[in-house]
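Breakdown of the fold
In case you want the letters, here they are:
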Amino acid sequence: MRKKDFLLLSDYSKEEILSLLTLAEELKRTKREGRPHEFLKGKTLGMIFEKSSTRTRVSFEVGMVDLGGTALFLSGNDIQLGRGEPVEDTARVLSRYLDGIMIRTFEQEKVETLARFSAIPVINGLTDFAHPCQVLADLLTILEHKGGFEGKTLCYIGDGNNMANSLIAGCIKVGIKVRTACPKGYLPDAGLREWAQNAGDYLCTDDVLEAAQGADVLYTDVWASMGQEAEAAQRRAVFAQYQVNEKALAVARPDCMVLHCLPAHRGEEITAEVFEAHADEIFDEAENRLHAQKAILVSLMRG
Ligand code: CP
Ligand code: NVA
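Residues numbered from 1 in each chain as written. Chains lettered and ligands numbered in written order. Predicted model: local features only at pLDDT ≥ 70, side-chain atom pairs only at ≥ 80, totals over all residues. Heavy atoms only, no water.

1. Let's talk about the sheet that holds strand β5 (residues 153–157)
Reading across the sheet, the five strands line up as β7-β6-β5-β8-β9 and stay open at both edges, with parallel pairing between neighbours. Two strands lie at the open edges of the sheet, namely β7 (202–205) and β9 (257–260), each paired on one side alone. Between one strand axis and the next, the sheet turns through 20° on average, direction left out of account. Strand direction decides the pairing type here: β5 and strand β8 (residues 217–220), joined by four bridges, are parallel. In the strand pairing of β8, Y156 is matched with Y219. Its contacts with the sheet place helix α5 (residues 132–146) against β5, β8 and β9, and it is angled at close to 165° to β9. (Pairing = 2+ DSSP bridges. Helix = DSSP H or I, 4+ residues; strand = E, 2+ residues; numbered from the N terminus. Axes fitted to C-alpha atoms, helices over the stretch in contact; angles between N-to-C directions. Contact = heavy atoms within 4.5 Å.)

2. A few points about the site of ligand 2
Close to ligand 2 lie L126, H131, N161, N162, D221, V222, S225, M226 and L262, which account for all nearby residues. Taking N161, its side chain carries an N or O atom lying 3.4 Å from a nitrogen atom of ligand 2. The contact in question runs from an oxygen atom of ligand 2 to an N or O atom on the side chain of N162, over 2.8 Å. Computed on the free molecule, ligand 2 has an accessible area of 270 Å², of which 94% lies beneath the protein chains in the complex. Broken down by class, the residue content of the shell around ligand 2 amounts to four nonpolar, four polar and one charged. (Near = heavy atom within 4 Å. Polar contact = N/O pair within 3.5 Å; in protein donor to acceptor, adjacent residues only side chain to side chain. Areas by Shrake-Rupley, 256 points an atom, 1.4 Å probe, with all protein chains shown as cover. Nonpolar A, V, L, I, M, F, W, Y, C, P; charged D, E, K, R; others polar.)

3. Some points on the pairing of strand β1 (residues 44–49)
Counting buried positions along β1 gives six out of six residues, so the element sits mostly inside the fold. Alternating residues of β1 divide into T44, G46 and I48 and L45, M47 and F49, and every residue in both groups is buried. Examined bridge by bridge, β1 and strand β2 (residues 70–75) share six bridges and lie parallel to one another. Looking across to β2, one finds that F49 is bridged to S75. Crossover handedness for the path β1 to helix α2 (residues 55–66) to β2: right-handed. Both β1 and strand β3 (residues 100–104) contribute to a ladder of five bridges, which runs parallel. Bridge pairing links F49 to R104 in β3. (Buried < 20%, exposed > 50% of the residue type's maximum accessible area, 1.4 Å probe, protein only. Right-handed = clockwise from strand over helix to strand, strands pointing away.)

4. Considerations on the sheet that holds β2
As summarised here, the arrangement of the four strands in space is β2-β1-β3-β4, forming an open sheet in which the pairing is parallel. Each having just a single partner strand, β2 and β4 (122–124) make up the two edges of the open sheet. Shown here is a sheet whose adjacent strand axes are inclined to one another by a mean of 20°, direction ignored.

5. Some remarks on unusual backbone geometry
Residues apart from glycine generally show negative phi values, whereas peptide bonds are mostly found in trans. In this structure, P263 follows L262 across a cis peptide bond, with omega equal to 0°. Its identity is not glycine, yet L262 carries a phi of approximately 70°, on the positive side. Among the secondary structure elements, L262 is positioned in the loop between β9 and α11 (272–277).

6. What about the packing of aromatic side chains?
Where two aromatic rings form a pair, the distance of their centres and the angle of their planes describe that pair. Under the counting rule described, the total for this entry stands at seven aromatic pairs. Between Y156 and Y219, the aromatic rings sit 6.2 Å apart at their centres with planes inclined by 35°, giving tilted as the arrangement. With a gap of 63 residues between them, Y156 in strand β5 and Y219 in strand β8 connect regions that are remote in the sequence. Y219 shares its class with Y156; the two are buried. Where Y186 meets F239, the ring centres are 5.1 Å apart and the plane angle is 65°; that geometry is what we call edge-to-face. In this pair, Y186 sits in the loop between β6 (177–181) and α7 (190–199) while F239 sits in the loop between α9 (232–238) and α10 (246–251), placing the two residues 53 residues apart along the sequence. You can call Y186 buried: its relative accessible area is 17%. Assessed through its relative accessible area of 0%, F239 is described here as buried. Taken together through their ring pairs, the aromatic side chains of Y186, W223, F239 and Y242 make up a single cluster. For the cation-ring pair, R57 lies above F73, with the distance from its terminal atom to the ring centre recorded as 3.7 Å. (Phe/Tyr/Trp six-rings, centres within 6.5 Å; stacked < 30°, edge-to-face > 60°. Lys NZ or Arg CZ within 6 Å of the ring centre and 35° of its normal.)

7. Quick word on the pattern of salt bridges
What the rule picks out here adds up to 22 salt bridges. The partner of E61 in a salt bridge is R57, and the shortest N-O contact between them spans 3.6 Å. Residue E61 and its partner R57 are located together in helix α2, separated by four residues, close to a single helical turn. Given the relative accessible area of 29%, E61 is considered partly exposed. For R57, a relative accessible area of 29% corresponds to the partly exposed category. Taking the shortest distance from any N to any O, the salt bridge between D159 and R235 comes out at 3.0 Å. On the criterion of sequence distance, the pair formed by D159 in the loop between β5 and α6 (162–174) and R235 in helix α9 is long-range, its members being 76 residues apart. (Salt bridge = Lys/Arg side-chain N within 4 Å of Asp/Glu carboxyl O.)

Here it is as structure tokens:
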């Protein structure tokens, strides 16, 4: 059987996503109860980072340790990939040493090529296009706090970036209604928007209050992503109204939760007050990166 990768949530069926979430819940309980769960004993994950990371790096590394395996941090600058060795060759070399690869990079295409040329599972740890590991953790957090997905509405406010794309893909798959409020010229991927409109209940607007109306979850992310540092000042002007704040919360459901993939810029995409009032949810979300990714690792690498 051909190996499986975790590149995009749109590659996964609703049933596959739900079964990853069930496994994540089980692994979370197992860890909390201190029971051993060394399902990947003797296995090694290579982690290629061409962008910075706190959560992704630490949660994958701790996840592999919990599962009885090892993780190798491979900085993009320090491996030959950074000096132009083709990704096709990197894939075939690493496949001879490792049992799985996690990669964080710029182009989605690079991750797809790595996966195509690897004999071992490849996990997308963020590209400019998608952040599927984050959204699996977000779904786990929504499940825990809301008890289910049916009839729930998630509103994303801000840049139509990798987070917006993966939230649309993941939420629509599991039956959550999605509203995105993004300024013109900064919309989520056009193909995903069209797919979401056909596959589920999706509204794309530039009006924050229209999108936030009746929401069960308000979600936001930075206005300038990694790689867009030079545009930060111009983006601050474009996105000034695209903030999760008291006004947005006032039109959402009274029990609305607030999520943020982190890192957060208080006073930009979220106010400090709203961030602190919802810190428990946001840090549960960060913790869930660990449990959700352990489910991905076990499902792809257990053999
Ligand atoms: N949310 C997230 O992916 O965080 P890091 O960039 O710290 O990995
Ligand atoms: N959109 C952000 C997400 C960080 C986790 C970025 O790509 O920098």
